[in-house]
Amino acid sequence: MTALTRTGDRTAPAGVDTRLPWWALALPIAAFTFLLLLVTGADGAAATGGDPGMGELLQRIGQTLTL
């Protein structure tokens, strides 16, 4: 018994648009740029006036881990 095989053209049917819209490329580029600027601009941020005890606690933890 022989198997049936499909022969013919395997192109997309007429009327199908395979191009991406402009925003499909613009949105990821904009998001990447925004996140890159957010990360690189973090060095100019001002420190908050939080609890000074937390800083001392973190310093002591750092000192005990380096032993």
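Parameters and conventions
- Residues numbered from 1 in each chain as written.
- Predicted model: local features only at pLDDT ≥ 70, side-chain atom pairs only at ≥ 80, totals over all residues.
- Heavy atoms only, no water.
- Helix = DSSP H or I, 4+ residues; strand = E, 2+ residues; numbered from the N terminus.
- Buried < 20%, exposed > 50% of the residue type's maximum accessible area, 1.4 Å probe, protein only.
- Areas by Shrake-Rupley, 256 points an atom, 1.4 Å probe, with all protein chains shown as cover.
- Patch = residues over 30% accessible without salt bridge, like charges linked within 9 Å, V, L, I, M, F, W, Y side chains within 5 Å.
- Salt bridge = Lys/Arg side-chain N within 4 Å of Asp/Glu carboxyl O.
- Expected span 1.5 Å × (residues − 1).

A.B. asks: Describe in detail the overall build of the protein, supporting the description with residues and values.
C.D. replies: Broken down by element type, the protein carries two helices and zero strands. A burial count over the protein gives 0% of its 67 residues as buried. For the protein, the exposed surface amounts to about 7000 Å²; the carbon and sulfur share of it is 66%.

A.B. asks: For a nonpolar patch on the surface, give the residues involved together with the corresponding values.
C.D. replies: A grouping of Met54, Leu57, Leu58, Ile61 and Leu65 is seen on the molecular surface, where their side chains present a nonpolar patch of about 520 Å² in accessible area. Locating Leu58 in the fold gives a position in helix α2 (residues 52–65).

A.B. asks: Quick rundown of α2? Include the residues and the values.
C.D. replies: Think of an α-helix as turning once every 3.6 residues; residues three or four places apart then point the same way. The end-to-end C-alpha separation of α2 is 20 Å, in line with the 20 Å expected for 14 residues at 1.5 Å each. Taken across its 14 residues, α2 has zero buried, putting it largely on the surface.

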